[in-house]
Number of protein chains: 2
Amino acid sequence: MKKIFEVLKNVSIFDNIPPDSLGDALDLLKARKALYKKGSPVFLEGSPADFVGLVLSGKIHIIKEDYYGNRNIVAEVCQGELFGEVFACAGIAAIPVSVLAADDSEVLLMDFKSMFMQPADKTCDTLLSNLLKIVANKTLQLNQKIDILSKRTTREKILAYLSMQIKACGSPEFIIPFNRQELADFLCVERSAMSAELGRMKRYGLIDFKKNKFRML
Amino acid sequence: MKKIFEVLKNVSIFDNIPPDSLGDALDLLKARKALYKKGSPVFLEGSPADFVGLVLSGKIHIIKEDYYGNRNIVAEVCQGELFGEVFACAGIAAIPVSVLAADDSEVLLMDFKSMFMQPADKTCDTLLSNLLKIVANKTLQLNQKIDILSKRTTREKILAYLSMQIKACGSPEFIIPFNRQELADFLCVERSAMSAELGRMKRYGLIDFKKNKFRML
DNA sequence: TAATTTCTGTTGTTTTTACAACAAAAGAGG
DNA sequence: CCTCTTTTGTTGTAAAAACAACAGAAATTA
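These remarks concern the structure in this document. The structure displayed is predicted, hence computed values, not measured ones.

**Focus on the packing of aromatic side chains**
Phase 1: For the structure on display, the rule yields ten aromatic pairs over all chains.
Phase 2: Look at Y161 of chain B and F178 of chain B: their rings are 6.3 Å apart centre to centre, the planes differ by 35°, and that puts the pair in the tilted class. Pair noted here: Y161 of chain B is in helix 5 (residues 154-169) and F178 of chain B is in the loop between strand 9 (173-175) and helix 6 (180-187), with a separation of 17 residues, a long-range link. Each member of the pair, Y161 of chain B together with F178 of chain B, is buried.
Phase 3: Connected via pairs of aromatic rings, a cluster forms that spans Y161, F178 and F186 of chain A.
Phase 4: Between K202 of chain A and the ring centre of F209 of chain A, over which it is positioned, the NZ or CZ distance is 4.1 Å.

**Some remarks on the protein's contact with DNA strand C**
Phase 1: Neighbouring residues of DNA strand C: 16 residues in total, closest T153 and T154 of chain A together with R180, R191 and S195 of chain B.
Phase 2: Counting only atoms of DNA strand C within 4 Å of the protein, the sugar-phosphate share comes to 65%.
Phase 3: Take R191 of chain B: an N or O atom from its side chain is 3.0 Å from a base oxygen of DNA strand C.
Phase 4: Those elements that provide at least two residues to the surface near DNA strand C are helix 7 (191-203) of chain A together with helix 6 and helix 7 (191-203) of chain B.

**Topic: the layout of surface pockets**
In this approach, a probe sized like a water molecule rolls over the atoms, and the result shows the empty space that is left.
Phase 1: Counted as a void, the second largest pocket has a volume near 970 Å³.
Phase 2: If you trace the second largest pocket, you find 38 residues lining it, with A75, E76, E81, K138 and Q141 of chain A closest to the centre.
Phase 3: At the level of secondary structure, the elements contributing two or more residues to the lining of the second largest pocket comprise strand 5 (71-78), strand 6 (82-83), helix 3 (85-90), helix 4 (122-149) and helix 5 (154-169) of chain A together with helix 4 (122-149) of chain B.
Phase 4: Considering every element that reaches the lining of the second largest pocket, the biggest residue donor is helix 4 of chain A, with seven residues.
Phase 5: The class makeup of the residues in the lining of the second largest pocket is 23 nonpolar, ten polar and five charged.

Rules and cut-offs
- Residues numbered from 1 in each chain as written.
- Chains lettered and ligands numbered in written order.
- Predicted model: local features only at pLDDT ≥ 70, side-chain atom pairs only at ≥ 80, totals over all residues.
- Heavy atoms only, no water.
- Phe/Tyr/Trp six-rings, centres within 6.5 Å; stacked < 30°, edge-to-face > 60°.
- Helix = DSSP H or I, 4+ residues; strand = E, 2+ residues; numbered from the N terminus.
- Buried < 20%, exposed > 50% of the residue type's maximum accessible area, 1.4 Å probe, protein only.
- Lys NZ or Arg CZ within 6 Å of the ring centre and 35° of its normal.
- Near = heavy atom within 4 Å.
- Polar contact = N/O pair within 3.5 Å; in protein donor to acceptor, adjacent residues only side chain to side chain.
- 1 Å grid on protein atoms, 1.4 Å probe; cavity = no way out; pocket = protein on both sides within 12 Å on 5 of 7 lines; lining within 4 Å.
- Points joined across faces, edges and corners; volume = space filled by probe spheres on them.
- Nonpolar A, V, L, I, M, F, W, Y, C, P; charged D, E, K, R; others polar.

These figures capture arrangement, not role.
Have a look at this one:
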């Protein structure tokens, strides 16, 4: 349990909650730990939207599949990050995505319904306002993804994604968290076409890359 | 002022705020009314993200332009709907989109910063939790847009959009709120190509339409 | 109502992508 | 080290989209 607290200290939903109130907050949220093997489902599309997950270790992918089976990685959730909170907060019945463990992962499951039923409670108040900030930021992330997807050509999508990465890590050289297939899924383009386009961009002197290490020129 | 209250009654950010507290809430938010002519800017990209708008009448478009000038209508905001709240709640400095009046519009401008500085206030509490639900739902909307944009072909994008409309209005026959150019911008495809595709889909018996009235077959 | 402007549909050409099939490279396990 | 598997890059072909240019329809205004 001590290890959990170590992770929670750095999780923004618990910002401004004093360490000695953390246990209360977890009780309030009926928190419990669960383990998932790489590739196994955390939630399947259609599950009730009551529960929210916090990644204690490992990596979680939020996946949407269309009727042709094109996978779309909506988001990658890493240690200390939340998932499912949007569905819980929006008050919908079933989640419209699947959640899979991308690595062996430990997840803290929490019940958010309880949070909305305790007005004027200080801890609840803080959780609520932290949550608002988190959800708002997630919305901005989705906006970024829309920025990428609204580009017409594969090259523009790649450039939009890479520019985004540069901004995020502050350097023109960086390591992307996807392999080629995952990147293609994220950008919603064909892997082989993307690979070809990456090759052209390298020859053309726009970018350089080796495996997952990219550099803008 | 009475007319404003009439609109606010049905606005979900003021849900569960008793009518006699509404004035207090508006004071708290430093609300003031502003008028915008069709086509004129409400906020330009780069403006500070302190203010939030509520459409009292008319119609507002949230616009993002890429460096080639392809317009992308991120959202259409109608009477009784909020805009800019995500940027204010996320705590960023400048807004990354432009906001234009799509019609002559009345807007209620509010300062959200004040809301985060009044903990344990009942009205604030309610506003906060309403806001959370709103932002979460907006996130879901963006997810829907991503669902559309992640489709590879124009036809699939059109079908995804139309299916979405059917779900939203509960009938296979409906009127879309865009003209052809706006729809193309929303779907991030070429207008003429989309028009051609619509024609093919009609001839093929997939859909029927006349002007803005569509019907799925 | 006529003139003008805006919107929509059509068509041909060029560019880009999807698709498929395969080759090369990199990794994993024995 | 070799074999097997996975990942990545390459190429040719067919399909789709972007683009451009224009014609007809609809809406607006004088």
